[in-house]
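Summary of the model geometry
So the chains spell out like this:
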Amino acid sequence: MINTQQLVAKLQPYLNGQPLWLAFSGGLDSTVLTHLLANSFDDLPLRLVHVNHQLNPNSGQWANQCQQFADTLGLPITTLTVNVDLSSGASLEAAARQARYDAIARHIGDDGILVTGQHLQDQAETLMLQLLRGAGNRGLSAMSFASKWHKMTILRPLLQIEQSELVAYATHHQLPYVDDPSNDDDSIQRNFLRHKIWPLLKTRWPAVNQLLSRSADHLREAQSLLDEMAESDLKLISANFVEKTLSCSALLALSPARQRNVLRYFLHLTTSPLPTTVILQKIIDEVCAAKLDAQPLVQWSGNEARRFGDKLYVQKSLPEVPPDWFTNINKPSSVGLPDGRYLDWKKVSSGIKQGCFDAGLTVRFRQGGEKIQLAGHLHRHDLKNCLQQWQIPPWQRVRLPLLFAGEELLAVADHAISAKALTAEGEQGWWPFVRDAD
């Protein structure tokens, strides 16, 4: 029997008057959880959110069923329609989860709290699937009661509840729920485990779900200790979360196990998804340990690691920029760049004067041989030498927007304005800077 008092006690610390969103698929788990919450709290600001993945011909009908159930309980419901992107090579289940949570996070906001219906069987299966993937401690920790998806909080109050208890509850209260036929598709790994392997395991180990859940708890505790060590080591390696950089020499000074642990933790905090063990070691061996004059690159799942000087840089993989791209402007308005970034402007006391815009400017990328006369200097300097002196990594140099009046270089976004374009003392002008895509 489900202990509603324990369920209420788990959720109570997270209730601060803001809406509590429930991921409502219309299936058994989320239907029971919705009914439980709606009947266990007084004046709970509960809202349902249903995601239509468009993967089944009946998905529209399921959305209608969810609406009807929400209406019977007097609960507001929002339906979000998503497109599941399989181009990354992720499994259908993983890609659908990514699309679902991303859509919900956008809808409910960074401070939103989402409640989901994963139960004890889901927890045990997750641990088993992670074992079969060769996951490390973080993966083997499976699911926790509270976690984050980017900045959105996810709560899982049913993690200690057996699925049989949910079935009994739904039967007792005569709750209608959607039965997705894809749950019977054994080509999906989780379904294969659930239908083919789990019945056999339960004949020998009836408490297999509880046992595996306990192991996940132990591994989560071990991971928390590793994270504490990594937090300490982040200071040793001069981790910078704004630039997403760290010191290669400081990292390599640690023992191999601590190298992997702190690097894995740093990447966990800065990128998604995490690299495999093989890729992680390549980052250490081929990027961090590369010669200072090398330009190493390791890529994984839309992310990349590069080195410049003593710094390891991690970032989203950079798209190519056409070297012959350009656009003309005559006012300081936002300019979309071909790689998805933007050239924007800040009003400052020492910037590009208005007359330069009135005469017309051209924005383009570096092609080689450019020179610029900086304020306070009598002669022009090679842009190549300036970029080196400014310690700009090579892969960023070809992506810096340059501003020209005809063939004369007047400004380098984020870095410099030529003496000719600079405002006079006491005047205000415009400083060019680059921002990432929203």
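The residue numbering used here restarts from 1 in each chain and proceeds along that chain's sequence as written. This being a predicted model, a pLDDT of at least 70 is required before a residue's local features are given, and a value of 80 or more before pairs of side-chain atoms are given or counted; all residues contribute to the totals for chains, interfaces and linings. To obtain the side-chain values, all non-hydrogen atoms of the structure were included, while hydrogens and water were left out.

Quick look at the overall build of the protein chain
This is how it is decided: The secondary structure listing takes helices from DSSP runs of H or I that are at least 4 residues long and strands from runs of E that are at least 2 residues long, numbered from the N terminus. Exposed residues in this analysis have more than 50% of their type's maximum accessible area, buried residues have under 20%, and partly exposed residues fall in between, with area computed by a 1.4 Å probe over protein chains only. Note on definitions: a residue-residue contact is assigned when non-hydrogen atoms from the two residues lie within 4.5 Å. Per-residue accessibility takes into account occlusion by the displayed protein chains alone, with areas from the Shrake-Rupley method and a 1.4 Å probe. Neither His nor the chain termini are counted; the positive set is Lys and Arg, and the negative set is Asp and Glu. All charge positions are set by atom: Lys at NZ, Arg at CZ, Asp at CG, Glu at CD.
Each helix and strand counted, the protein chain has 15 helices and 20 strands in total. Across the 438 residues that make up the protein chain, the buried fraction comes to 44%. The contacts of the protein chain with a sequence gap of at least 6 include a subset with a gap of at least 24, amounting to 66%. Working note: accessible area of the protein chain is about 23,100 Å², and carbon and sulfur atoms make up 50% of it. Between the centroid of the 42 positive side chains of the protein chain and the centroid of its 44 negative side chains there is a distance of 5 Å.

A look at the layout of surface pockets
This is how the line gets drawn: Using a grid of 1 Å spacing that covers the protein atoms alone, one calls a set of points a cavity when a 1.4 Å probe fits there but cannot get out, and a pocket when the set is open and has protein on both sides within 12 Å along at least five of seven lines; lining residues are those with an atom within 4 Å of a point. Grid points are joined across faces, edges and corners, and a volume is the space filled by probe spheres set on the points. Amino acids are sorted into nonpolar (Ala, Val, Leu, Ile, Met, Phe, Trp, Tyr, Cys and Pro), charged (Asp, Glu, Lys and Arg) and polar (every other residue, Gly among them).
Counted as a void, the second largest pocket has a volume near 190 Å³. Taken together, Asp102, Ala105, Arg106, Gly109, Asp110, Trp149, His150, Lys151 and Met152 make up the lining of the second largest pocket. At three residues, helix α4 (residues 92–108) tops the list of elements feeding residues into the lining of the second largest pocket. Per-class residue counts for the lining of the second largest pocket are three nonpolar, two polar and four charged.

Digging into the sheet that holds strand β13 (residues 342–348)
Across a sheet, strands are paired by hydrogen bonds formed along the backbone, either parallel or antiparallel in direction. This is how it is decided: Strand pairing follows a simple DSSP-based rule, namely that at least 2 bridges must link the two strands.
As summarised here, the arrangement of the three strands in space is β12-β13-β20, forming an open sheet in which the pairing is antiparallel. The sheet is open, and its two borders are formed by β12 (335–336) and β20 (429–435), each paired with just one other strand. With seven bridges joining them, β13 and β20 adopt antiparallel strand pairing. Residue pairing across strands places Val348 opposite Gly429, the latter belonging to β20.

Quick notes on helix α8 (residues 189–204)
To be explicit about the condition: By this rule, a helix spans an expected 1.5 Å times one less than how many residues it contains. To get the bend at any residue, fit one axis to the seven residues that end at it and another to the seven that begin at it, then take the angle between the two axes.
Across its 16 residues, α8 extends 22 Å between first and last C-alpha, which sits within 8% of the 22 Å expected from 1.5 Å per residue. Its maximal kink placed at Ile197, α8 deviates by approximately 45°, while the proline Pro199 follows within four residues. Inspection of α8 places Arg190, Asn191, Leu193, Trp198 and Leu201 among the buried residues, and these make up the whole buried set. Contacts from the buried residues of α8 go to α4, α5 (120–132) and α9 (208–236).

Points about the pairing of strand β5 (residues 146–149)
Two elements, β5 and strand β6 (residues 152–155), share four bridges in a ladder whose sense is antiparallel. By the bridge assignment, Ala146 is partnered in β6 with Leu155. Between the antiparallel neighbours β5 and β6 lie two residues, among them His150 with a positive phi of about 55°.

With respect to the nonpolar core
Spelled out, the test is: Buried Ala, Val, Leu, Ile, Met, Phe, Trp, Tyr and Cys residues form a nonpolar core when they are joined through side-chain atoms within 4.5 Å.
Core analysis: the largest hydrophobic core is formed by 30 residues, its most contacted members being Val32, Leu37, Leu46 and Leu48. Of all the secondary structure elements, the ones that give two or more residues to this core are α1 (4–11), β1 (20–23), α2 (28–40), β2 (46–52), α3 (59–73), β4 (113–115) and α7 (163–172). The element contributing the most residues to this core is α2, with five residues. Sequence-distant contacts of Val32, that is, excluding residues within four places in its chain, are made with Ile2, Leu166, Tyr169, Ala170 and Leu175. In terms of nonpolar packing, the next biggest core, distinct from the first, is built from 23 residues, Leu254, Val298, Ala305 and Leu312 among them.

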